[in-house]
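Chain residues, written in single-letter form:
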Amino acid sequence: MRRMAESELRSDVTVLDEASVSDARLVEMVRQGDRDAFGQLVRRYENRLISVIRRFVRDLETARDLTQEGFIKAYERLDQFDPSRRFAPWLFRIGVNVALDYLRKTKRRGWFALFSQRRDDRPVEPPMRDPRIARDLEQEVHQVLQMIPENYRMVLVLRDLENFSTSEIAAITNRKEATIRWRLAEARREFQRLWTERQERQGGSLPKPIAETEGGRDET
Amino acid sequence: MIWNNCHQVRQRLPLLAESDLPVAERTVVERHLLQCPECRRQLSLTGESQAVLHEVRAVRPVEGNASVWPAVERQLAGVPFRQRAERPGWIPVGALTTACAALLFIGVFGPGFDSLPSSIETVEVIDGSGPSAKGVSGRGYEYKPSQSPYFNDTNSY
C-alpha cells in the first residue's frame, strides 16, 4: 500500500516535472542526446497537432500518420531550430507543411487517375449526388475550404477553426502579421462568396449553423 | 485616417467581424458603418458566414487516445540526433572569391575581348588562309566575326 502510494506520488512528480520543464530546455536536452525529452515534447503537442492537421486532412488515421511524420521531421531538423524562438510555432509550421504536401500529392494522384482512365469508363455527366444523403456542416465547410487557395486557406483554418491568434499564425507561417491579416480578410471574403454560392446552388438545403437557426427562432 | 470609400471599408469588414482589425482602423470603419446601410448589410452577411465557421470550430475533431510517441520513437531508433555540421568559415569566402575571379576572367578575357590577337588570327584562319578552325580553336565550329556584336567595334569593352 505504501509502495503504491509512493509510486503514485512519483508519477505525479514526473507529470509535474514534465509540465514545468520549458520547451527550450527540452529542446536543449534533445540536442544533447536525450530522446525521452523529445518524447515529452511529442506528448505535449501531439493532440493539438493532430487537431490542426485534421482540419486539412479529415481522416483520423492519415492525420495521425502525418503527425508522426511531422514529429520525425522536427527531430531530424532540430539542428536548424533557432533556440531563441518559440518551439511550438516552428513545430506547427512543419506539421502544416507536411499536411499540405500530402494534399498536393493526393491531388496530383487524383488528376493522374482521372486522365489515365479510359474514356469509355468515365460517365458523360458527373453522377448526381443523392440529396437524401445527409451531409453534416463540417463536411460541407471542408469541401468549400478546399476551393480556397492554399496560402489563404491555411490562415483561415488556423484562425477561424483552430483559434490561433494572428500573431501566432505569423510565427507559424513566418510572415508579417499585416500579411496574415490581409490574407485572412481575403480568405474570409472568399469563403463567404463560395458558401453563399453553394447555398444558392443547393437551394438553401445546406445544413445551417445552430446559432443561425436559433436566432431565426427568436425573431419569430 | 478618413475612408469615405465603401470599397476600402468592405475590405476590412471580414476582420472587423471577428475583432481582428487594429483599433485605429476599427474606429474609422465603425464610424463609416453608422452612416452606410449597405456596408452594414455586408457586415451582417459576413457575420453569417463566420457563424458557419464558428459552428465547425466548436466541433473538435476526435483525437485518438493513444499517443503517437511509441510509433515515433520506433522510427527514430537508430537515427542519431544530427548536430549542426561545423562548416569552416573559409569555405564560403573561398567559394565567393573563386566565383568573383571567374567572373572577372570571363569579363576581361571572354568572347568580347577583341584585343586578343589570337582570336583575330583564328577568324582569319577560318576564312581560308590557313589551317582549319577546328585545328586552331579546338571547338569544332566555324566562327564568323560579323555574327558577333562584340567584334563589330574594337572599343566595345
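I will try to describe carefully the structure that is included in this document. (Residues numbered from 1 in each chain as written. Chains lettered and ligands numbered in written order. Predicted model: local features only at pLDDT ≥ 70, side-chain atom pairs only at ≥ 80, totals over all residues. Heavy atoms only, no water.)

## Looking at the interface of chain B and chain A
- Taken together, the contact between chain B and chain A spans 42 residues of the former and 49 residues of the latter.
- With both sides pooled, the region where chain B packs onto chain A buries about 4,300 Å², and carbon together with sulfur makes up 58% of that total.
- Our count for the chain B to chain A interface comes out at two salt bridges.
- The salt bridge involving Arg-159 of chain A is made with Asp-20 of chain B; its shortest N-O contact spans 3.0 Å.
- For the interface between chain B and chain A, the tally reads 16 residue pairs in polar contact (both at pLDDT 80 or more).
- Of all the secondary structure elements, the ones that give two or more residues to the side of chain B that touches chain A are α1 (6-16), α3 (37-58) and α4 (69-76) of chain B.
- Element by element, the count of residues in the side of chain B that touches chain A is highest for α3 of chain B, at 12 residues.
- The residue makeup of the side of chain B that touches chain A, split by class, is 21 nonpolar, 10 polar and 11 charged. (Contact = heavy atoms within 4.5 Å. Buried area = accessible area lost by both parts, 1.4 Å probe. Salt bridge = Lys/Arg side-chain N within 4 Å of Asp/Glu carboxyl O. Polar contact = N/O pair within 3.5 Å; in protein donor to acceptor, adjacent residues only side chain to side chain. Helix = DSSP H or I, 4+ residues; strand = E, 2+ residues; numbered from the N terminus. Nonpolar A, V, L, I, M, F, W, Y, C, P; charged D, E, K, R; others polar.)

## Comments concerning the pattern of salt bridges
All names here are of chain A.
- Evaluated as defined, the whole model comprises 18 salt bridges over all chains.
- In this structure, the salt-bridge partner of Arg-58 is Glu-138, at a minimum N-O distance of 3.6 Å. Of this pair, Arg-58 sits in the loop between α3 (35-56) and α4 (60-76) while Glu-138 sits in helix α6 (residues 137-145), and the two are 80 residues apart along the sequence.
- The salt bridge involving Arg-193 is made with Glu-190; its shortest N-O contact spans 2.7 Å. With Arg-193 and Glu-190 both in helix α9 (residues 177-201) and three residues apart, the pair spans about one turn of that helix.
- Residue class for Glu-190 comes out partly exposed when judged on its relative accessible area of 24%. (Buried < 20%, exposed > 50% of the residue type's maximum accessible area, 1.4 Å probe, protein only.)

## Things to note about α3 of chain B
- Under the 1.5 Å per step criterion, the end-to-end length of α3 of chain B is 31 Å for 22 residues, consistent within 8% with the ideal 32 Å.
- The set of residues buried in α3 of chain B consists of Cys-39, Thr-46, Ser-49, Gln-50, Ala-51, Val-52, Leu-53, Glu-55 and Val-56 of chain B. (Expected span 1.5 Å × (residues − 1).)

## With respect to the packing of aromatic side chains
Residues and elements named next belong to chain A.
- Under the definition given, this model contains 11 aromatic pairs over all chains.
- With a centroid separation of 6.2 Å and an interplanar angle of 85 degrees, the aromatic rings of Tyr-45 and Phe-92 are classed as edge-to-face. Residue Tyr-45 is located in helix α3, and its partner Phe-92 is located in helix α5 (residues 87-116); the two are separated by 47 residues in the primary sequence.
- Owing to a relative accessible area of 14%, Tyr-45 belongs among the buried residues under this scheme.
- A relative accessible area of 5% means that Phe-92 is categorised as buried.
- Consider the rings of Phe-191 and Trp-195, whose centres lie 5.8 Å apart with planes at 20 degrees: the pair is stacked. Placement of the pair is Phe-191 and Trp-195 together in helix α9, with a separation of four residues, close to one helical turn.
- You can call Trp-195 buried: its relative accessible area is 4%.
- Among the aromatic residues, those joined into a cluster by ring pairs are Tyr-45, Phe-81, Phe-87, Trp-90, Phe-92 and Phe-164. (Phe/Tyr/Trp six-rings, centres within 6.5 Å; stacked < 30°, edge-to-face > 60°.)

## Points about the nonpolar core
- Grouped together as the largest cluster of nonpolar side chains are 72 residues, with contacts concentrated most on Phe-38, Phe-56, Phe-71, Phe-87, Val-141 and Phe-191 of chain A.
- Residue contributions to this core peak at 11 residues, all from α5 of chain A.
- Each residue touching Val-141 of chain A, except ones within four places of it in the same chain, is listed here: Phe-191 and Trp-195 of chain A together with Val-52, Leu-53 and Val-56 of chain B. (Core = buried A, V, L, I, M, F, W, Y, C linked by side-chain atoms within 4.5 Å.)

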